[in-house]
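What follows is the residue order along each chain.
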2 protein chains.
Amino acid sequence: MNPDIRRERQNASFNVTELTYILDGGPEKTKRRREIESLVFSDPDFNAEDPNFLSYSERYDQSVRKSAQMILKLREYAIADPEEIHQYKSCVHPGGPSPLDLHLVMFLPTLLNQATPEQMERFFMLTWNLDIIGTYAQTEMGHGTHLRGLETTATFDPATQEFVLNSPTVSSIKWWPGGLGKSSNHAIVIAQLYSLGNCHGLHAFIVPIRDMSTHQPLPGIVVGDIGPKFGFSEVDNGFLKLENVRIPRENMLMKYAKVEADGSYVKPPSSKLTYGTMVFVRSIIVGESARALAKSTTIAIRYSAVRHQSEIRPGEPEPQILDYQTQQYKLFPLLATAYAFSFVGQYMSKIYHRISGDINDGDFSELPELHALSAGLKAFTTWVANSGIEVCRMSCGGHGYSRSSALPDIYVAFTPTCTYEGENTVMMLQTARYLVKSYRQAKEGQQLSGIVSYLNESQNRRLQPQAVAAQPPVVDVNDLSSLVEVYKQRAAILVEMAAKSIHQELQRGKSQEDAWNGSAIELVRASDAHCHYVVVKVFSEKLGEVGDTAIHSVLSTLALLYAMHGIAENSGDFLLAGLLSAPQVLQISVRIKELLSQLRPNAVALVDAFDIHDKKLNSVLGRFDGNVYENMFEWARRSPLNATEVHESFHKYLKPLRAKL
Amino acid sequence: MNPDIRRERQNASFNVTELTYILDGGPEKTKRRREIESLVFSDPDFNAEDPNFLSYSERYDQSVRKSAQMILKLREYAIADPEEIHQYKSCVHPGGPSPLDLHLVMFLPTLLNQATPEQMERFFMLTWNLDIIGTYAQTEMGHGTHLRGLETTATFDPATQEFVLNSPTVSSIKWWPGGLGKSSNHAIVIAQLYSLGNCHGLHAFIVPIRDMSTHQPLPGIVVGDIGPKFGFSEVDNGFLKLENVRIPRENMLMKYAKVEADGSYVKPPSSKLTYGTMVFVRSIIVGESARALAKSTTIAIRYSAVRHQSEIRPGEPEPQILDYQTQQYKLFPLLATAYAFSFVGQYMSKIYHRISGDINDGDFSELPELHALSAGLKAFTTWVANSGIEVCRMSCGGHGYSRSSALPDIYVAFTPTCTYEGENTVMMLQTARYLVKSYRQAKEGQQLSGIVSYLNESQNRRLQPQAVAAQPPVVDVNDLSSLVEVYKQRAAILVEMAAKSIHQELQRGKSQEDAWNGSAIELVRASDAHCHYVVVKVFSEKLGEVGDTAIHSVLSTLALLYAMHGIAENSGDFLLAGLLSAPQVLQISVRIKELLSQLRPNAVALVDAFDIHDKKLNSVLGRFDGNVYENMFEWARRSPLNATEVHESFHKYLKPLRAKL
């Protein structure tokens, strides 16, 4: 092991494994996770070349191979718990997505949730045994987050008892579904249902797209890969053009809505049934934000501990770059954020499970709040993690740019979370809609409960943006709960400002809709402040659960850094509202520097606690043993361009060029 | 042409071509640039497959082919002006870098600048005729920006009149030089010179690395490609390990420093000779920041004009997404920034040429200021452009993630500018060093001139951070020159705060060096504020040169938006220092929204004025004609995975899997 990184570990003030238990949710969880990791990483069937050395087609090929192996092994080991399947999968495909993902996480579950017993009979075993390989074809070239705009049609033909599916325009071609391009032979297609001349909105249809035996596209089907992307290079995201494709009436998923033989339409009992899934997926993404930052900070902090550069004091050896204040200022707030988001992920998962119990009992009362919270936190955490990964990459200097660092791959695999499952700005505006609605209810005298209850208080103690420094605030900036309070008040004020902006626009004679659009900047800011408050609050509350003194101490430092850094980055908000005075903001800048120094000896131990297996991290810079340079050299020698000493282009172009000059 | 985008163009309030002239520096420049573009784009020898569809090795191969063609054509057309060569090259390689770049922009110029007449005689024609293909091998695995730390040694052996070159450690292996891996047969190697037992620091040596005829590596040379990167996929960035490689004494570049036959060392006359090149390269990068943002905003704004989504008013057709306030708030400040940086690029180029005249006359007086300015502005503009490209990409929703948008390629080609030619944080600290030094000089009564002269004033009218709202500031927030003044005062205050932080650290007994490191966060902020002030100032001054009323009007709106957006983003600084009051900051938020509405009708025309040829932009989303969807479909069908209807992985893995389940 590299002596620098060994020394770092000796200096840690807390027990790393105990902290890992907290992150995993208990020692048994850690144990089981490590067992699953060992199952995959010791399995020679999953040995594979670094995808970065492969061509586009080879990457896809290798990923299909591993996916097929995985399905066999999961059944062999009888791993059935969704969380364990996810853990196993994330070791098989440490880079992220793979071609059969949508078969497993969308096609099969949709069948389970929306198929009638007859349909289950027809489709389930075929799907289970991979005779049917399915995907979920929703987004189109022209429409993503705004689902109502989808143009694909499914028109019922009573004469033949079939639906006729069509892509009526270029923009209606299904676009992006994973596994659609080459892997799947069936797709659940979301289309506008027409029957007896009426449109009944979006419904799901099981559409065979390739012959189950030859895998050739079926008549009327134009299907293929949509081409290279920023990342997701293992996945055949596809297009699907439907030209008068006929499927039996019984291929519409009819557990809820129905089309009868005579073409009459039966409505589903509730429109809120799909809310639960959206909330679930978005709360998963919050956890992904935490994991992406955990990986990135692990790489950057370990590398910063072994990299020596330049000089602080002349004549002395080059210091570890982790000793530079600017490096600490880049990385430690992100480290704190990784912890914050981990705890928010746990929190979201907990309330999701609590509320989904209620939903099963037909109680939808808490769903709107959870829906709003999950939308906003999905956007808030993915945006922060997205830019944070890049800060980590660039903090590794030139080597961060090499694929051997893994940071480019982490970024391109993660960045779509800002767009898919609800585009982030749209998500922020959804949350804002809930906040403004709640604000108005509170103003009308309703007593709000839940996380927005702070909007009640704001009606009592109204803070005016204009009142800066008029009433010196009584905030102890060194006290975390005091800072949580300040974040809360900031959120309350920004919600109020957004609501007032709408009000002003209305008074100028604008329509509701234009007033909303004309206040969208303020609305996004309000949601952002709301989410920021929730994160600080959840982190602070988590500390109460931590018994171990040493861990409590280091987590408290992280929480304080998270809160203070957020204030420093948004000091305008706090000053504008008179929540903090100028001297307090300056005091916070000084305290941040003290917190950085305090964290310095524990930095490596804090990333070690994320306990990310070297094979999962797959980063030369982030190796546990810190032996970076030798391994970077070894990695580079495997580059495809090094397959021959002399590349053919020399003989083809460079040598002949001389004769012509 | 797409009717939406045609309508946008009809609504423009100014003459687009006239604005293009301003950006190019005059109508003749525009004419010549277009001529060069047409030379390349109408030349069938440069027809090439989209590199995104090629393997790593094929991309390199294609790029070598085009580079070889380019060298022939440049001589055929007798294009010799460096700017015109650059324009030609940027059409041949619209994606950015190429394998022979360092031969042309580093090896050849270094020879011209640092070779003796005898060396020119030996090397120049061979290099000109590509018998010698050269690169510039400076950075090592263990050292980048901190050059003094380089470990490669060149030890003079008087017995044989040779230098013996060695890579004494793994970390000393040369790493990253473009064209080093496979293309070059010579390298200018930067090494620590040892003679007669003394180390004389870094010097440049011409080292043959491959046989000029067979291209096989020479004895003692271990050379190869460093492997796949985030981008730069056309370039064989390489490694070079030197094992007792002997070169004649005459291969050290000896125009300035020398080693005599007896081993005695002759110092170069000045240590500032290399400053000019660094300043030049960094000022070029400022222009690159502008171009990267110009490309990205062109794509995002044109696409936002043809993309329709969701609804603002129920029942009406889906609006262009450019009508959403949040979309405008993402894109228009970046559009303003692209203009701002274009003018700063012009400004840097102008003062560089003025000062390099002085340098040739032996007058180095303005060099420190220019050096500091170029370092800071390089960092400031690349950081802003770097994150701005990604904002543009994500503003295009899912399609921005497709390689067909070109935005991923723009990002990965641009992002290294934050690291190379001086890592950005290090650059900011270099600028800060100059600022703090100037501040101290002013404090000691010296009268500063040049751009830092504002530090004089700050000595007179001292603004105290604590004095928020005590003295209501007299600033007309609607007046650009008034805002320039406010930016200037912010810079002055942040420089002062950084200087005071150092002072406080010293008073606590820290060493100079630790005090500096302990104030690094403040120092970077001070540099950032200084650069921000320069950009606002240059933009504002540029308006004075614009005669055309309509163009003056729209550029004024952009300049105001740039300045106000910067204040809104950093409002804490302005409030903290009492430079603006809370109501003024709120007023600025309202004004920003008005400016967005004002710019809306001119948005497409403003990106059209960048006049980026479709073949150079290479973006399906950013096409001039706006026909996005048809062309996206056409592009996708060329994906390598679509070469066959059924991918072999189906027969290899998926079909056999069924039998095992």
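Structural notes, computed from the coordinates.

Calculation notes
Residues numbered from 1 in each chain as written. Chains lettered and ligands numbered in written order. Predicted model: local features only at pLDDT ≥ 70, side-chain atom pairs only at ≥ 80, totals over all residues. Heavy atoms only, no water. Helix = DSSP H or I, 4+ residues; strand = E, 2+ residues; numbered from the N terminus. Contact = heavy atoms within 4.5 Å. Buried area = accessible area lost by both parts, 1.4 Å probe. Salt bridge = Lys/Arg side-chain N within 4 Å of Asp/Glu carboxyl O. Polar contact = N/O pair within 3.5 Å; in protein donor to acceptor, adjacent residues only side chain to side chain. Core = buried A, V, L, I, M, F, W, Y, C linked by side-chain atoms within 4.5 Å. Buried < 20%, exposed > 50% of the residue type's maximum accessible area, 1.4 Å probe, protein only. Arc of directions from axis to C-beta. Pairing = 2+ DSSP bridges. Axes fitted to C-alpha atoms, helices over the stretch in contact; angles between N-to-C directions. Least-squares fit on C-alpha atoms with pLDDT ≥ 70 in both. Disulfide = S-S within 2.5 Å.

**Remarks on the environment of Gln-138 of chain A**
Residue and element names in this part refer to chain A.
- With respect to the secondary-structure elements, Gln-138 resides in the loop between β1 (134–137) and β2 (153–157).
- Between the alpha carbons of Gln-138 and Val-189 there is a distance of 6.2 Å; along the sequence they are 51 residues apart.
- For Gln-138, the contacting residues outside a window of four places in its chain are Leu-147, Leu-150, Lys-174, Pro-177 and Ile-190.

**Some details on the interface of chain A and chain B**
- Between chain A and chain B, the residue contacts involve 143 residues of the former and 143 residues of the latter.
- Interface area for chain A against chain B, summed over the two sides, is near 11,800 Å², with a carbon-plus-sulfur share of 63%.
- There are eight salt bridges connecting chain A and chain B.
- Between Lys-593 of chain B and Glu-522 of chain A there is a salt bridge, with its nearest N and O atoms 2.9 Å apart.
- One can count 76 residue pairs in polar contact (both at pLDDT 80 or more) joining chain A with chain B.
- Broken down by element, the side of chain A that touches chain B gets its largest block of residues, eleven residues, from helix α23 (residues 648–660) of chain A.

**Examining the nonpolar core**
- Of all hydrophobic cores here, the largest spans 304 residues; its most connected members are Trp-175 and Tyr-339 of chain A together with Trp-175 and Tyr-339 of chain B.
- Excluding residues that lie within four positions of it along the chain, Trp-175 of chain B makes contacts with His-399, Met-632, Phe-633 and Ala-636 of chain A together with Thr-139, Glu-140, Met-141, Ile-226, Gly-238 and Phe-239 of chain B.

**Regarding helix α2 (residues 16–24) of chain A**
Residue and element names in this part refer to chain A.
- Of all the positions in α2, only Leu-19, Thr-20, Ile-22 and Leu-23 are classed as buried. On an axial view of α2, the arc spanned by its buried residues comes to 160°, and they lie on one face.
- On its buried face, α2 sits against α3 (27–41), α9 (325–360), α16 (520–543), α17 (549–569) and α20 (603–608).
- For α2, the N-terminal capping position is held by Asn-15, with its side-chain oxygen 2.9 Å away from the main-chain nitrogen of Thr-17.
- Among the residues trailing α2, Gly-25 stands out with phi positive, at a value near 100°.

**Focus: unusual backbone geometry**
- Although it is not a glycine, Asn-618 of chain A adopts a positive phi angle of roughly 55°.
- Residue Trp-176 of chain B is not a glycine yet carries a positive backbone phi of 100°.
- Relative to the assigned elements, Trp-176 of chain B resides in the loop between β4 (174–175) and β5 (186–195).

**Quick notes on the side chain of Asn-237 of chain B**
All names here are of chain B.
- Here Asn-237 shows up in the loop between β7 (221–225) and β8 (238–242).
- When its relative accessible area of 5% is taken as the criterion, Asn-237 is described as buried.
- A distance of 2.7 Å separates a polar side-chain atom of Asn-237 from the backbone oxygen of Trp-176.
- At a separation of 2.7 Å, a polar atom in the side chain of Asn-237 contacts the side chain of Lys-229.
- In contact with Asn-237, other than residues within four places in its own chain, are Trp-176, Pro-177, Gly-178, Gly-179, Gly-181, Gly-224, Asp-225, Ile-226, Lys-229 and Phe-232.

**With respect to the sheet that holds strand β7 (residues 221–225) of chain A**
- Spatially, the three strands line up as an open sheet ordered β4-β8-β7 (chain A), and their pairing is antiparallel. Strand pairing shows two members of the sheet lacking a second neighbour, β4 (174–175) and β7 of chain A, which therefore form its edges.
- Inspection of the sheet shows β4 of chain A paired to strand β8 (residues 238–242) of chain A by two bridges, in the antiparallel sense. Across the sheet, residue Lys-174 of chain A finds its bridge partner in β8 of chain A, namely Leu-240 of chain A.
- Most of the contacts of helix α22 (residues 628–637) of chain B go to β8 of chain A, to which it runs at about 115°, and overall it touches β4, β7 and β8 of chain A.

**Focus on the relation of the copies chain A and chain B**
- For the pair chain A and chain B, the relating rotation is 180°, the translation along its axis is 0.0 Å, and the fit reaches an RMSD of 0.0 Å. Accordingly, the operation relating the two chain copies is best matched by a two-fold axis. The C-alpha atom lying nearest the rotation axis in chain A is that of Gly-572 of chain A; the distance is 1.8 Å.
- Looking at chain A, 100% of its interface residues are interface residues in chain B too, so the copies touch through the same face.

**Looking at the state of the cysteines**
- In this structure the tally under the stated criterion is zero disulfides over all chains.
- For Cys-531 of chain A, which is in no disulfide, the shortest distance to another cysteine sulfur is to Cys-418 of chain A and amounts to 14 Å.
- Just so you know, Cys-396 of chain B is unpaired, no disulfide at all, and the nearest cysteine sulfur is the one on Cys-392 of chain B, 7.3 Å from it.

**A short note on the pattern of salt bridges**
Residue and element names in this part refer to chain A.
- The tally for this structure, following the rule as stated, stands at 83 salt bridges over all chains.
- A salt bridge links Arg-525 to Asp-573; its shortest N-O distance comes to 2.6 Å. With Arg-525 in helix α16 and Asp-573 in helix α18 (residues 571–576), this residue pair connects regions lying 48 residues apart in the sequence.
- One network of salt bridges, with partners in common, ties together Asp-24, Arg-33, Arg-34, Glu-37 and Asp-611.

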